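Listed below are the residues making up each chain.
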Amino acid sequence: MVKGKAKSKNKRVTIKKKYKIIKKVKEHHKKKAKEAKKLGLNNKNNVDKEPAVTNQGPESLEARRDIEESEIAAIREQRAQKRKLAQLQDRNNASMENQSFEVGVDEFKDFVKSKDNSDKVFYKELVKVIDLSDVIVEVLDARDPLGTRCVDMEKMVLNSGPNKKIVLLLNKIDLVPREAAEKWLKYLREELPAVAFKCSTQEQRSNLSWKSSKSSKPGSLLQTSECLGADTLIKLLKNYSRSHEIKKSITVGIVGLPNVGKSSLINSLKRCHVVNVGATPGLTRSVQEVQLDKSVKLLDCPGVVMLKSGQNDASIALRNCKRIEKLEDPIGPVKEIFKLCPAEVLIKIFKIATFVSVDDFLYKVATVRGKLKKGGIVDIEAAARIVLHDWNEGKIPFYTMPPTRNQGEVPESEEAKIVTALGKEFNMDEVYGAESFIGSLKTVDDFSSAEVLPNCPVNFDEQMVEVSDRSSV
């Protein structure tokens, strides 16, 4: 049997390592000298030289005692300075060890302050956009238009003055079947003007292309990354600017809940990436102004987050109005998903075996995705956050149908008057006739998404609005 090679006892090191050590030692000495200089240790105690004293007479003895006392005091002062330097070094080492903890505490304090103020700031930005705009475009998610609609915001626009107009935009139209899109447009147009839209998903920075509504072929919408409905929306806005001899240029405010596609809408209309986009709520933090052309100016507004749902806080989380990382209980929203989506859809998406409860579902998702804590314990909360991320990013496909109106139930007379007046100003018949791309959407039979019940519309949190109003006065 071949014996293993004995380990060499040679203590020589490579030249690279040698010079690395020398460099470290120089840096260490330099740091020590710098600290000593701050404390004044490098300045030699220049004791005034006394003239030579002979050992004769009492005066010489007293002078020698004074010299010895001053020397002793200087030595004591030097020792005190050294002790102070040592204490400083110990303090520095301790601060380095606790630096991460202190930084975490500071960040937590900043987060608490920002959490109290961010919602108020967003509300103020919304009020500013409404005041500056002639037309407000409220962006809705076509998968759940009712759940992404804010009734209080619409009332605020209509009550701000007779010259303020509001238009509903049904975005992400390619993610729902044709029947759902047609029914939702009919439902919304009984209350306010509504148009269909699909934002561009092209990745280049500029020259984002539009697809003409007339050239869309059946089944081609899900395969294209081009924008759809832009020509229709711009035509609607320019019809308004030309009607009743209104001023030549208009300002259009883009508002809505987070992650409905407000910034993507502006990039699609401008045909280049002028504002940041992302699935994270709160990415747009202030009003951004974009000049579309000489007659239309766009205002990008932060997402409306001061919400209070008629159901519960979990439904607000499913609308992506809160960051998933900051949710205290991520399992609650997953229970809502469990109620909405059939088990067969979740099994197919997450590639897991059949399950009997929410806990069993999250346990299997955590096992498949490898989310384990120390000691091999399954991390249920991490699995819940994965499911919520997939929901907000559209990886769990779903759509809703509008609620049926009872026979004889029509919108309120004031709303009917608003629809009639806006129809004349926007020339809606001409605009609606150009939406031929709706017919090229896939039907329900060709769609693999699950139909779920629509959520309730959201409202402002009255307590937070009152606090914001008081602070602004």
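The rules behind the values
Residues numbered from 1 in each chain as written. Predicted model: local features only at pLDDT ≥ 70, side-chain atom pairs only at ≥ 80, totals over all residues. Heavy atoms only, no water. Phe/Tyr/Trp six-rings, centres within 6.5 Å; stacked < 30°, edge-to-face > 60°. Buried < 20%, exposed > 50% of the residue type's maximum accessible area, 1.4 Å probe, protein only. Axes fitted to C-alpha atoms, helices over the stretch in contact; angles between N-to-C directions. Helix = DSSP H or I, 4+ residues; strand = E, 2+ residues; numbered from the N terminus. Parallel < 35°, antiparallel > 145°, perpendicular 65-115°, else oblique. Contact = heavy atoms within 4.5 Å. Nonpolar A, V, L, I, M, F, W, Y, C, P; charged D, E, K, R; others polar. Core = buried A, V, L, I, M, F, W, Y, C linked by side-chain atoms within 4.5 Å. Polar contact = N/O pair within 3.5 Å; in protein donor to acceptor, adjacent residues only side chain to side chain. 1 Å grid on protein atoms, 1.4 Å probe; cavity = no way out; pocket = protein on both sides within 12 Å on 5 of 7 lines; lining within 4 Å. Points joined across faces, edges and corners; volume = space filled by probe spheres on them. Arc of directions from axis to C-beta. Pairing = 2+ DSSP bridges. Patch = residues over 30% accessible without salt bridge, like charges linked within 9 Å, V, L, I, M, F, W, Y side chains within 5 Å. Areas by Shrake-Rupley, 256 points an atom, 1.4 Å probe, with all protein chains shown as cover. Salt bridge = Lys/Arg side-chain N within 4 Å of Asp/Glu carboxyl O. Lys, Arg positive; Asp, Glu negative; His and termini not counted. Charge placed at Lys NZ, Arg CZ, Asp CG, Glu CD.

**Focus on the packing of aromatic side chains**
Evaluation of the coordinates by the stated rule reveals five aromatic pairs. Taking the centre distance of 4.5 Å and the plane angle of 10° together, the rings of W391 and F398 count as stacked. For the pair shown, W391 and F398 are each scored as buried. Taken together, F338, F350, F355 and F361 form an aromatic cluster joined through their ring pairs.

**Quick look at the packing of helix α9 (residues 331–340) against helix α11 (residues 358–369)**
How two helices pack is summed up by the angle between their axes together with the distance between the axes. Where α9 contacts α11, the axes come no closer than 10 Å and their chain directions differ by 105°. Regarding the angle of α9 to α11, the classification is roughly perpendicular. Every residue of α11 that contacts α9 at I331, V334, K335 and F338 is listed here: V358, F361 and L362. Of the residues belonging to the contact of α9 with α11, the class tally is six nonpolar, no polar and one charged.

**Observations regarding the nonpolar core**
Ranked by internal contacts, the top residues of the largest apolar core, which has 63 residues, are I173, F197, V252, L265 and L269. Excluding residues that lie within four positions of it along the chain, I173 makes contacts with A142, A181, A196, F197, K198, F437, I438 and L441. Ranked by size, the runner-up nonpolar core spans 26 residues in total, among them L346, L362, V365 and A384.

**Considerations on the side chain of S133**
Within the secondary structure layout, S133 lies in the loop between α3 (99–132) and β1 (135–141). At 2.6 Å, the side chain of S133 and the backbone oxygen of V129 are in polar contact. Side-chain polar atoms of S133 contact the backbone nitrogen of G253, separated by 3.3 Å. Not counting residues within four places of it along the chain, the set of residues in contact with S133 comprises K164, T251, V252, G253 and L299.

**Structural notes on empty space enclosed by the protein**
Throughout the structure, instances matching the rule amount to three cavities of 30 Å³ or more. By volume, the largest cavity is sized at about 230 Å³. Lining the largest cavity are 21 residues, with D141, L318, R319, W391 and F398 sitting closest to its centre. Taken together, the elements giving at least two residues each to the lining of the largest cavity come down to α8 (313–318), α12 (380–392) and β10 (398–400). Looking at the lining of the largest cavity residue by residue, the class counts come to eight nonpolar, eight polar and five charged.

**Description of helix α10 (residues 343–350)**
Within α10, burial applies to V345, L346 and F350. In an axial view of α10, the angular spread of the buried residues amounts to 110°, which keeps them on one side of the axis. Looking at α10, the residues exposed on the side facing more than 90 degrees away from the buried face are E344 and K348. Contacts made by the buried residues of α10 are with α9, α11, α12 and β11 (450–452).

**Observations regarding the sheet that holds strand β8 (residues 296–300)**
Spatial strand order, β3-β2-β1-β6-β8-β7: six strands in an open sheet with mixed pairing. The sheet terminates laterally at β3 (194–196) and β7 (288–291), the two strands that pair on one side only. The mean inter-strand angle of the sheet, taken between neighbouring strand axes irrespective of direction, is 25°. The sheet strands contacting helix α5 (residues 178–189) are β1, β2 (165–171) and β3, and the helix crosses β3 at an angle near 160°. In the packing of helix α7 (residues 262–270) onto the sheet, the strands contacted are β1, β2, β6 (250–255), β7 and β8, and the crossing angle to β8 comes to about 155°.

**Some words on a negative patch on the surface**
On the surface, E62, D66, E68, E69 and E71 cluster together to form a negatively charged patch. Relative to the helices and strands, E62 resides in helix α2 (residues 57–97). Residue E62 is classed as partly exposed on the basis of its relative accessible area, which comes to 49%.

**A word on the pairing of β7**
The two faces of a sheet get side chains in turn, since along a regular strand they alternate between them. Bridge count for β7 against β8 is four bridges, and the pairing is antiparallel. By the bridge assignment, V290 is partnered in β8 with L298. The antiparallel hairpin formed by β7 and β8 contains four residues in its connecting segment.

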